[in-house]
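Coordinate inspection notes
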Amino acid sequence: MANTAAPVLVVEGVVKEYGEVAKTRALDGVDVTVGPGELTALVGPSGSGKSTLLNIIGLLDRPTAGRVVLGGTDTTDLDDRGLTGLRARMLGFVFQFHHLLPAFTAVENVMLPAWGDLGRPTVEMRAAAEELLRAVGLADRMHYRSGNLSGGQQQRVAIARALARRPALVLADEPTGNLDTASSAEVFALMRRFNRELGTTFLVVTHDSRIAEQCDRIIELVDGRVRSDRSVASSPS
Amino acid sequence: MPFEWFVALRYMRDAKGQTALILAAVAVGVSVIIFLSALIGGLQTSLIDKTLGSQPHITLRVPREAPRSLVEPTPTIAIARQVAESSQRLRSIDQWPVVVTAVEQVPGVIAVSPSITGAGFAVRADAKSAIVVRGVEPERFLSIIDVRARLVAGRYELDGGAVVVGSKLAANLGVGVGDKIRISSTEGSDDVVTVLGVFTLGNETVDATWVLTSLRHAQALYALPGGVTTIELKVADVFTAEQTAAEVRGRTGLRADSWMTINEELLSGLSAQSSSKLMIQFFVIVAVALGIASVLIVSVVQKSREIGILRAVGTPSRRILLVFLIQGGVLGIVGSFIGSGLGALLSLLFQTITSDASGAPKFLVKLDLSLFLFATAIATGVGLLSAVIPARRASRLDPATAIRNG
C-alpha cells in the first residue's frame, strides 16, 4: 500500500552469532524493509530467529553484521544513550507476557515510557494515557493496579503503553501467545484498529496462523533466513 | 513528581515487608549510635565535672628547688659525690601581681586566682586533724571553684578570723557553724578561727582537709607577707588546659600543672571509652550498610524484568541508577528519624531507671541536636553508599536478557 513512501524500517544483511568458540548463527543475512502503515506478521518455527530479529530491530541487541535503519536513522554507530533515546521516540513494545509493572496502576503504566524519557509527568501525558485506555476499553479500570487486571486486560494496557508516544513502529512479540481465543481476537482487533486509525506500523511475531492471515503481509523466517515474504491478498479492508 | 522519585517511592511502598525490615535495621542502628553517644557523653561530662568541681584547671607554683653542684667533673677529673635533694620550703611567687596580669592575657584563660596553699593542723578539744590551709581572695576563688554553691551549712565568708571548712573535716573535729578551732601552720604560728561555713566538693581528700581562709590571714600564718604560693587558673575549654599550661609555663617560667596531667588515669580511661564507642558505632554502621545493600540487591534481582521493561521502553540507565540510590537515601533518612526518636527515648528511659531514690538522675545523658544531625547525616550517607552497588547493577542490566530471564 504505502510502499512508495520512505520506509520505517530497513534491515540489511543482518547476521547474529552467539557463542565464543562454537558459534551458533541465529540470523544468517536477513533483509527486510517495512513501509509506513504496514501491519506485518513475522512467522516461523521455534528457533528460526524471530525473537532475535525482533530484539535487534527493537535495538535491545546488536547484530554481528549488517545494519538496521529506523525511520531514516542508521543505528549501527549509536551508543547506549542514543539507542535508548531512539527506542523512546520511535518504538513501541508489546511483549508476550504483557510485562506491565504490577506495582503501578494501568494509567501509570501507560505513562511510564514518556515519564521515564522526559523525567516529569505532564497533563498532556496523563490525558493521552487516559484517552488510549478508553480506546482499548478500559475506561473503568484505569486506576486499578495492573497486577489486579486479567491477562487480556493487561495486554490491552500493554498495547496502550506501546502506542502512548505515537511511535513510528510497534514491535509485538507473540502478543496473543498467552491469551484465550476470544482475548486474542480482541487484542488483534485493537492493533488492526490503531493501524488503520493512526497509521501506526506494526511488526507482529506470531505462531498463530489465523492472526498472521489477517495481517497485510507475512514474512516467514526459517533457520535465520527469510524464506518467504508475501502480501496477504485477502486482507480485509 | 520526577520519575525516579515516583518509581523509587512506589517500589518501597509496594514492598512493605522489605521496607519495614530495613527501616527497622537502620532505626535500631541509629538508636544505638545515639544512645551510646548520649550515655558515654553524659558519663564523661559528669566525671569531668566531678573531677573539676574540686580542682582548678591549671595550678601555677614556684619551680622546685634543685641542688646544684659546685664543681663539675671534667674529662680528666672524676668526682665522687652525693647529691642530696633540697628541702622544699614554702616560697612566694616572685612578682606575683605581674604574673597574674600576664596570665590573664593568655588566650583561653577565663579566671585567675592567687592563693596560699600550706599544710597545718587543726585542733579542737581532743580532736586533731591534718589540714590544708587555702588562703584565697574570696570572690576570685569562687570563679575557680564554686564553693558557695557547694555549701552545706553556714555562709561563704572569709573575713578576719573566719574560715570555711570541708564537711569531712568538720565531722572529724566535731565542729559546726559558729564553732571555734585552733589552726597551726607548718611555720609555727597558730591562731583561733571561727567556722562560718561547711562545704562538700565531693572529693574525699579535699572535704577532709581543706580550710579556706582569707589570703591576708594565710600570709600571716605562713610568714609570707604580701606573698602567694599558687596561682590557680580556669580555662574556657577544659580539654585545652594542657596547651594553655604549656603557654603559661613559657611566659612565666613557673611550674604549671594542668588537671590533665594530674588526672592522667582518668583521661586515659575516658579516651579508651571514646575509642570503644567509636568502634561500636563503626561496626553498627557497617552492619546497617550491609543490611541496606543486601535488601536492595535482592530487590534489584526481583525487579530485573521490570527494570528491563523500563529500559526497553526508553528509560535512560541513569534514571534507573537514581531510582535505587533514592531508595537507599530515603531508607537511610527515614530510618534515622525513627532511630533518633528511639535513641532519645532509650536514653531518657535509661536515665530514669538509673536515678537514685530521690529521683535525681545519677548523671545526665547528653542529647544534643548535633548528635541527631550527625546520626542522620551518617545514616543517609550510608544509605546512599550502600545503594551504589545495587543501583549500578540495576542500571547495567541488559534489557533483552532481563526481559527474557527476569
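Residues numbered from 1 in each chain as written. Chains lettered and ligands numbered in written order. Predicted model: local features only at pLDDT ≥ 70, side-chain atom pairs only at ≥ 80, totals over all residues.

1. Considerations on the overall build of chain A
Counting its secondary structure elements, chain A contains 7 helices and 10 strands. In terms of overall dimensions, chain A is globule-like: its C-alpha atoms have a radius of gyration of 17 Å, near the 18 Å expected for 237 residues. Per-residue burial for chain A yields a buried fraction of 48% across its 237 residues. Of the contacts made within chain A by residues no fewer than 6 positions apart, 70% connect residues no fewer than 24 positions apart. (Helix = DSSP H or I, 4+ residues; strand = E, 2+ residues; numbered from the N terminus. Rg over C-alpha atoms; globule rule 2.2 N^0.38 Å. Buried ≥ 20, exposed ≤ 12 C-beta atoms within 10 Å, placed from the backbone. Contact = placed C-beta atoms within 7 Å.)

2. As for the packing of helix α10 (residues 264–302) of chain B against helix α12 (residues 317–353) of chain B
All names here are of chain B. Two elements in contact, α10 and α12, have axes separated by 11 Å at closest approach and are oriented at 145°. As α10 packs across α12, the resulting crossing turns out to be right-handed. Each of Ile-292, Leu-296 and Val-300 in α10 lies in contact with α12, whose residues at this interface are Phe-324, Gln-327, Gly-328 and Leu-331. For the contact of α10 with α12, the per-class residue count stands at 5 nonpolar, 2 polar and no charged. (Axes fitted to C-alpha atoms, helices over the stretch in contact; angles between N-to-C directions. Left-handed = near helix turned anticlockwise from the far one by under 90°. Nonpolar A, V, L, I, M, F, W, Y, C, P; charged D, E, K, R; others polar.)

3. What to know about the interface of chain B and chain A
The interface is formed by 19 residues belonging to chain B together with 21 residues belonging to chain A. Mapped onto the side of chain B that touches chain A, the elements with two or more residues apiece are α1 (3–14), α11 (304–312), α12 and α14 (399–405) of chain B. Here the element with the most residues in the side of chain B that touches chain A is α11(B); it accounts for 5 residues. For the side of chain B that touches chain A, the per-class residue count stands at 11 nonpolar, 3 polar and 5 charged.

4. A short note on helix α8 (residues 241–252) of chain B
All names here are of chain B. An ideal rise of 1.5 Å per residue puts 16 Å on 12 residues; α8 measures up with 16 Å between its terminal C-alpha atoms. Buried within α8 we find Ala-241, Thr-244, Ala-245, Val-248 and Thr-252. Take α8 and look down its axis: the buried residues cluster within an arc of 105°, on one side only. For α8, the exposed residues set more than 90 degrees away from the buried face come down to Ala-246 and Gly-250. Along its buried surface, α8 packs onto β1 (58–61), α3 (96–104), β2 (109–124), β9 (230–235), β10 (255–258) and α9 (259–262). (Expected span 1.5 Å × (residues − 1). Arc of directions from axis to C-beta.)

5. Quick word on the nonpolar core
Residues A:Val110, B:Val26 and B:Ile292 are the most contacted members of the largest nonpolar core, which totals 122 residues. When residues in this core are grouped by element, the largest group, 12 residues, is from helix α2 (residues 16–52) of chain B. Ignoring sequence-local partners within four residues, the contact set of B:Ile292 consists of B:Ile22, B:Val26, B:Gly328, B:Leu331, B:Gly383, B:Ser386 and B:Ala387. Formed by 51 residues, the second largest nonpolar core is a distinct cluster that contains B:Ile145, B:Val175, B:Trp210 and B:Leu221. (Core = buried A, V, L, I, M, F, W, Y, C linked by C-beta atoms within 7 Å.)

6. Notes on the sheet that holds strand β1 (residues 9–18) of chain A
All names here are of chain A. The strand order across the open sheet formed by 4 strands is β2-β1-β4-β5, and the pairing between neighbours is antiparallel. The two strands at the open ends of the sheet, each matched to only one other strand, are β2 (24–34) and β5 (73–74). Sheet strands touched by helix α1 (residues 50–57): β1, β2 and β4 (65–70). Its angle to β1, the strand with the most contacts, is close to 120°. (Pairing = 2+ DSSP bridges.)

7. Focus on the domain arrangement of chain B
By the assigned domains, chain B splits into domain 1 (3–51 + 267–405) and domain 2 (96–253). Taking the mean C-alpha position of each, domain 1 of chain B and domain 2 of chain B sit 52 Å from one another. (Domains from an automatic or database assignment.)

8. Remarks on helix α2 (residues 80–90) of chain A
Residues spaced three or four apart along an α-helix face the same direction, because each turn holds 3.6 residues. Those residues of α2(A) not exposed but buried are A:Thr84, A:Arg87, A:Ala88 and A:Met90. Tucked into the core, α2(A) has its buried residues touching β4, β6 (91–94), α3 (106–118) and β7 (169–173) of chain A together with α11 of chain B.

9. Quick look at the sheet that holds strand β3 (residues 39–43) of chain A
Paired through their backbone hydrogen bonds, the strands of a sheet run either parallel or antiparallel. Residues and elements named next belong to chain A. With mixed pairing, 6 strands are arranged side by side in an open sheet as β6-β7-β8-β3-β9-β10. Two strands lie at the open edges of the sheet, namely β6 and β10 (225–231), each paired on one side alone. Neighbour to neighbour, the strand axes of the sheet diverge by 15° on average, direction disregarded. As paired strands, β3 and strand β8 (residues 201–205) are joined by 4 bridges and run parallel to one another. Counted as the bridge partner of Leu-39 is Phe-202 from β8.

10. Considering the pairing of β1(A)
Residues and elements named next belong to chain A. Two strands pair when backbone bridges link them, and β1 and β4 are joined in this way by 5 bridges, in the antiparallel orientation. Within the sheet, the bridge partner assigned to Val-15 lies in β4 and is Ala-65. Taking the residues between adjacent antiparallel strands as the criterion, β1 and β2 are bridged by 5 residues, where Gly-19 takes a positive phi near 90°.

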